[in-house]
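Topology and contacts: notes
These are the residues of each chain, in order.
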Amino acid sequence: ILSSYPNVVKLIINDLQSLRQVGVALDTLHCRGIILARLQHSIPDIFEHVAKDNSHFHCTESWVKEFLVEHLNWSFHRATCAAQKTPPNVE
(Lines give C-alpha, C1' and ligand atoms only; values in the text may rest on other atoms or scores of the structure.)
Protein backbone atom coordinates (compact mmCIF):
# COMPACT_ATOMS: atom_id res chain seq x y z
CA ILE A 1 0.00 0.00 0.00
CA LEU A 2 2.91 2.37 0.62
CA SER A 3 4.87 1.44 -2.51
CA SER A 4 3.64 4.65 -4.15
CA TYR A 5 5.04 6.70 -1.26
CA PRO A 6 8.74 5.78 -0.82
CA ASN A 7 9.52 9.13 0.80
CA VAL A 8 6.90 8.50 3.51
CA VAL A 9 8.31 5.01 4.12
CA LYS A 10 11.76 6.57 4.58
CA LEU A 11 10.33 9.08 7.07
CA ILE A 12 8.64 6.30 9.07
CA ILE A 13 11.84 4.26 9.12
CA ASN A 14 13.80 7.34 10.18
CA ASP A 15 11.34 8.08 13.00
CA LEU A 16 11.49 4.54 14.35
CA GLN A 17 15.27 4.22 14.08
CA SER A 18 15.78 7.58 15.78
CA LEU A 19 13.66 6.50 18.73
CA ARG A 20 15.54 3.21 19.05
CA GLN A 21 18.90 4.97 18.91
CA VAL A 22 18.05 7.06 21.96
CA GLY A 23 16.92 3.97 23.85
CA VAL A 24 13.13 4.12 23.56
CA ALA A 25 11.60 0.66 23.95
CA LEU A 26 9.22 0.13 21.04
CA ASP A 27 6.50 -2.46 20.92
CA THR A 28 3.94 -3.03 18.18
CA LEU A 29 1.46 -0.53 19.61
CA HIS A 30 4.03 2.25 19.88
CA CYS A 31 5.25 1.57 16.35
CA ARG A 32 1.65 1.55 15.10
CA GLY A 33 1.03 4.93 16.71
CA ILE A 34 4.13 6.42 15.12
CA ILE A 35 3.21 5.00 11.71
CA LEU A 36 -0.38 6.25 12.00
CA ALA A 37 0.78 9.73 12.98
CA ARG A 38 3.19 9.91 10.05
CA LEU A 39 0.55 8.64 7.60
CA GLN A 40 -2.12 11.04 8.86
CA HIS A 41 0.32 13.92 8.59
CA SER A 42 1.89 13.04 5.23
CA ILE A 43 -0.88 11.27 3.29
CA PRO A 44 -4.19 11.59 5.15
CA ASP A 45 -6.21 10.34 2.18
CA ILE A 46 -4.60 6.89 2.38
CA PHE A 47 -7.31 5.80 4.82
CA GLU A 48 -10.02 6.76 2.33
CA HIS A 49 -8.45 5.04 -0.68
CA VAL A 50 -10.51 2.06 -1.85
CA ALA A 51 -8.59 -1.05 -2.92
CA LYS A 52 -9.58 -3.34 -5.79
CA ASP A 53 -11.54 -5.54 -3.39
CA ASN A 54 -13.51 -2.51 -2.09
CA SER A 55 -11.65 -2.51 1.22
CA HIS A 56 -9.97 0.40 2.96
CA PHE A 57 -6.47 0.46 4.41
CA HIS A 58 -6.32 -0.30 8.13
CA CYS A 59 -3.03 -0.05 9.94
CA THR A 60 -3.51 -3.31 11.81
CA GLU A 61 -1.08 -4.84 14.26
CA SER A 62 -0.25 -7.62 11.79
CA TRP A 63 0.39 -5.06 9.02
CA VAL A 64 2.73 -3.14 11.33
CA LYS A 65 4.68 -6.32 12.14
CA GLU A 66 5.02 -7.13 8.43
CA PHE A 67 6.14 -3.56 7.71
CA LEU A 68 8.79 -3.70 10.44
CA VAL A 69 10.14 -7.05 9.29
CA GLU A 70 10.19 -6.01 5.63
CA HIS A 71 11.75 -2.57 6.03
CA LEU A 72 13.78 -2.79 9.24
CA ASN A 73 14.25 -6.52 9.79
CA TRP A 74 12.85 -6.09 13.30
CA SER A 75 11.00 -8.76 15.22
CA PHE A 76 9.36 -8.67 18.62
CA HIS A 77 9.90 -11.02 21.52
CA ARG A 78 7.77 -11.57 24.55
CA ALA A 79 9.11 -10.30 27.84
CA THR A 80 10.06 -12.94 30.34
CA CYS A 81 8.24 -13.13 33.65
CA ALA A 82 9.88 -13.41 37.02
CA ALA A 83 9.16 -16.61 38.90
CA GLN A 84 6.26 -16.36 41.29
CA LYS A 85 7.49 -18.88 43.81
CA THR A 86 10.80 -19.01 45.58
CA PRO A 87 12.54 -22.34 44.93
CA PRO A 88 12.77 -24.59 48.04
CA ASN A 89 16.59 -24.75 47.88
CA VAL A 90 17.15 -20.96 48.13
CA GLU A 91 19.34 -20.06 51.07
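Residues numbered from 1 in each chain as written. Predicted model: local features only at pLDDT ≥ 70, side-chain atom pairs only at ≥ 80, totals over all residues. Heavy atoms only, no water.

**Details of the nonpolar core**
Core analysis: the biggest nonpolar cluster contains 21 residues, and Leu2, Ile12, Leu16, Ile35, Leu39, Trp63 and Phe67 have the highest contact counts within it. Where this core is concerned, the elements lending two or more residues are helix H1 (6-21), helix H2 (28-42) and helix H3 (61-72). (Core = buried A, V, L, I, M, F, W, Y, C linked by side-chain atoms within 4.5 Å. Buried < 20%, exposed > 50% of the residue type's maximum accessible area, 1.4 Å probe, protein only. Helix = DSSP H or I, 4+ residues; strand = E, 2+ residues; numbered from the N terminus.)

**Looking at H1**
With 16 residues, H1 extends 22 Å from end C-alpha to end C-alpha; this agrees with the ideal 22 Å at 1.5 Å per step. Taken together, the buried positions of H1 are occupied by Val8, Val9, Ile12, Ile13 and Leu16. Seen end-on, H1 carries its buried residues on one side only, within an arc spanning 140 degrees. Those residues of H1 that are exposed and angled more than 90 degrees off the buried face are Lys10 and Gln21. (Expected span 1.5 Å × (residues − 1). Arc of directions from axis to C-beta.)

**Considering the pattern of salt bridges**
With the rule as written, the count across this model stands at one salt bridge. A salt bridge links aspartate 15 to arginine 38, with the nearest nitrogen and oxygen atoms 3.0 Å apart. A residue pair is termed long-range when its members are at least 10 positions apart, and aspartate 15 in helix H1 and arginine 38 in helix H2 qualify at 23 residues. (Salt bridge = Lys/Arg side-chain N within 4 Å of Asp/Glu carboxyl O.)

**As for the packing of H2 against H3**
At a minimum axis distance of 10 Å, the contact between H2 and H3 shows a crossing angle of 85 degrees. Viewed along their axes, H2 and H3 adopt a mutual orientation that is roughly perpendicular. Listed contacts from H3 to Thr28, Leu29, Cys31, Arg32 and Ile35 of H2 are Glu61, Trp63, Val64, Lys65, Phe67 and Leu68. A per-class count over the contact of H2 with H3 returns seven nonpolar, one polar and three charged. (Axes fitted to C-alpha atoms, helices over the stretch in contact; angles between N-to-C directions. Parallel < 35°, antiparallel > 145°, perpendicular 65-115°, else oblique. Contact = heavy atoms within 4.5 Å. Nonpolar A, V, L, I, M, F, W, Y, C, P; charged D, E, K, R; others polar.)

**Here we look at H2**
The end-to-end C-alpha distance of H2, which contains 15 residues, comes to 21 Å, matching closely the 21 Å that a straight helix rising 1.5 Å per residue would cover. Turning to H2, its buried residues number three or more, namely Thr28, Cys31, Ile34, Ile35, Leu36, Arg38 and Leu39. In the core, the buried residues of H2 are packed alongside H1 and H3.

**Thoughts on the confidence of the model for the chain**
Of all residues in the chain, 95% attain a pLDDT of 70 or more, and the chain-wide mean is 89. Here H3 stands out as the element of the chain with the lowest mean pLDDT, 94, in contrast to H1, whose mean of 96 is the highest. (pLDDT = per-residue confidence, 0-100.)

**Here we look at the environment of isoleucine 43**
Within the element layout of this structure, isoleucine 43 appears in the loop between H2 and H3. With a relative accessible area of 8%, isoleucine 43 lands in the buried category. It is 21 Å that separates the C-alpha atoms of isoleucine 43 and leucine 72, two residues lying 29 residues apart in sequence. Leave out the neighbours within four places in its chain, and isoleucine 43 touches Leu2, Tyr5, Val8 and Arg38.

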